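Read off the chains here:
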Amino acid sequence: IMPLKVLSASGRGSIGAIAQAIRWAADHGAHVMNLSLGGPFPVATLKKAIEQARGKGTLVVAAAGNDGKGRLGYPARYPGAFAVAATQFDESTTFYSNWGAEVDIEAPGGNVRVDQDKDGLPDGVLQNTVVPGQTDRTDYLYFMGTSMATPHVAGVAAMLVGAGVTKPDALERLLVSTARVP
């Protein structure tokens, strides 16, 4: 595991820092990369970094975006990225998830607005994290988003790498061919 921090506690950062981290990870042997981040506009620097990572044998798993639109955000929209949309408890695509033909796979992203499993709690993804607005505290909190779905896919891909599947194309084929269709 190679944790590289490119965003601040408020979720802000520069495209340059993101691209630099992508290149650094690929240069240092990353097989799978989780990009739980994105935006609406293409940037050549980021596209080139993803192309370089893919060329070095890295599977770049990227969040599709949370606009509820039929087009992906960037970097998920770039060729070479493996785009992840989000589902909720009933396995349907969530209201916020971007969707469309460019989506490679969907994974649990949660929906804190519903309680479909009837356990009395919101159906978000439970995460240990910094409490928003209180950076000196951590807690277990429910979140939703394609940024919650993307690590599920990256984690499965990393397990496949551990089993000996290391080529991005082979990882993508296995992920897609073994995904359950609701």
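Just above, that's the structure.
Here is a short report on the structure shown in this document.

What counts and what doesn't
Residues numbered from 1 in each chain as written. Predicted model: local features only at pLDDT ≥ 70, side-chain atom pairs only at ≥ 80, totals over all residues. Heavy atoms only, no water. Helix = DSSP H or I, 4+ residues; strand = E, 2+ residues; numbered from the N terminus. Rg over C-alpha atoms; globule rule 2.2 N^0.38 Å. Buried < 20%, exposed > 50% of the residue type's maximum accessible area, 1.4 Å probe, protein only. Contact = heavy atoms within 4.5 Å. Areas by Shrake-Rupley, 256 points an atom, 1.4 Å probe, with all protein chains shown as cover. Lys, Arg positive; Asp, Glu negative; His and termini not counted. Charge placed at Lys NZ, Arg CZ, Asp CG, Glu CD. Pairing = 2+ DSSP bridges. Axes fitted to C-alpha atoms, helices over the stretch in contact; angles between N-to-C directions. Patch = residues over 30% accessible without salt bridge, like charges linked within 9 Å, V, L, I, M, F, W, Y side chains within 5 Å. Salt bridge = Lys/Arg side-chain N within 4 Å of Asp/Glu carboxyl O. Arc of directions from axis to C-beta. Expected span 1.5 Å × (residues − 1). Phe/Tyr/Trp six-rings, centres within 6.5 Å; stacked < 30°, edge-to-face > 60°.

1. Some remarks on the overall build of the chain
(1) Moving on: Regarding its fold elements, the chain presents four helices and six strands.
(2) Moving on: Computed over C-alpha atoms, the radius of gyration of the chain comes to 16 Å, within 12% of the 16 Å expected from 2.2 N^0.38 for 182 residues, which places it in the range of a compact globule.
(3) Moving on: With the principal axes as the frame, the chain shows a C-alpha extent of 45 × 40 × 30 Å.
(4) Moving on: By residue count, 37% of the 182 residues in the chain fall in the buried class.
(5) Moving on: Of the contacts formed within the chain by residues at least 6 apart in sequence, a portion of 55% connects residues at least 24 apart.
(6) Moving on: Element-wise, carbon and sulfur atoms account for 56% of the exposed surface of the chain, whose accessible area totals about 10100 Å².
(7) Moving on: Across the chain, the 16 positively charged side chains and the 16 negatively charged ones have centroids separated by 10 Å.

2. So, the sheet that holds strand E2 (residues 59-63)
(1) Moving on: Ordered in space as E1-E2-E3-E4, the four strands form an open sheet in which the pairing is parallel. The strands lining the two open edges of the sheet, one partner per strand, are strand E1 (32-35) and strand E4 (105-108). For this sheet, the mean inter-axis angle between neighbouring strands, taken without regard to orientation, is 35°.
(2) Moving on: Judged from the four bridges that link them, E1 and E2 form a sheet pairing that is parallel. By the bridge assignment for E2, valine 32 is matched with leucine 59.
(3) Moving on: In this fold helix H4 (residues 168-178) packs onto E1, E2, strand E3 (81-87) and E4, with an angle of close to 50° to the strand it touches most, E2.

3. Examining a nonpolar patch on the surface
(1) Moving on: Together, Val112, Leu121, Leu126, Tyr140 and Tyr142 give the surface a local cluster of nonpolar side chains, amounting to about 460 Å² of exposed area.
(2) Moving on: Tracing the backbone shows valine 112 in the loop between E4 and strand E5 (125-131).

4. Brief notes about H4
(1) Moving on: Pro168, Leu171, Glu172 and Leu175 are the residues of H4 that are buried. The arc enclosing the buried residues of H4, seen along the axis, measures out at 100°, which places them on a common side. For H4, the exposed residues set more than 90 degrees away from the buried face come down to Arg173, Ser177 and Thr178.
(2) Moving on: Next to the buried residues of H4 lie E1, helix H2 (44-55), E2, E3, E4 and helix H3 (146-162).

5. Describing helix H1 (residues 15-27)
(1) Moving on: With 13 residues, H1 should cover 18 Å at 1.5 Å per step; its first-to-last C-alpha distance of 18 Å lies within 8% of that length.
(2) Moving on: Regarding H1, the residues found buried are Ile18, Ala19, Ala21, Ile22, Ala25 and Ala26. Down the axis of H1, the sector holding all buried residues measures 160°, keeping them to one side.
(3) Moving on: Summarising the contacts, the buried residues of H1 are in contact with E1 and H2.
(4) Moving on: Glycine 29 sits one or two positions beyond H1 and adopts a positive phi of about 90°.

6. Digging into the pattern of salt bridges
Oppositely charged side chains are able to pair whenever their charged atoms sit close together.
(1) Moving on: What the rule picks out here adds up to four salt bridges.
(2) Moving on: In this structure, lysine 56 and aspartate 27 form a salt bridge, with 2.9 Å as the shortest nitrogen-oxygen distance. A residue pair is termed long-range when its members are at least 10 positions apart, and lysine 56 in the loop between H2 and E2 and aspartate 27 in helix H1 qualify at 29 residues.
(3) Moving on: Owing to a relative accessible area of 49%, aspartate 27 belongs among the partly exposed residues under this scheme.
(4) Moving on: Here arginine 54 ties to glutamate 172 by a salt bridge, and the two come within 2.7 Å at their closest N and O atoms. With arginine 54 in helix H2 and glutamate 172 in helix H4, this residue pair connects regions lying 118 residues apart in the sequence.

7. Concerning the packing of aromatic side chains
(1) Moving on: Within the structure shown, the criterion is met by two aromatic pairs.
(2) Moving on: Ring geometry for tyrosine 74 and tyrosine 78: centres 4.9 Å apart, planes at 50°, overall tilted. Note on accessibility: tyrosine 74 and tyrosine 78 belong to one class, buried.
(3) Moving on: Measuring from ring centre to ring centre gives 5.2 Å for phenylalanine 95 and tyrosine 96, while their planes differ by 90°; the resulting arrangement is edge-to-face.
(4) Moving on: On the basis of relative accessibility, which here comes to 41%, the residue phenylalanine 95 falls in the partly exposed class.
(5) Moving on: A relative accessible area of 6% means that tyrosine 96 is categorised as buried.

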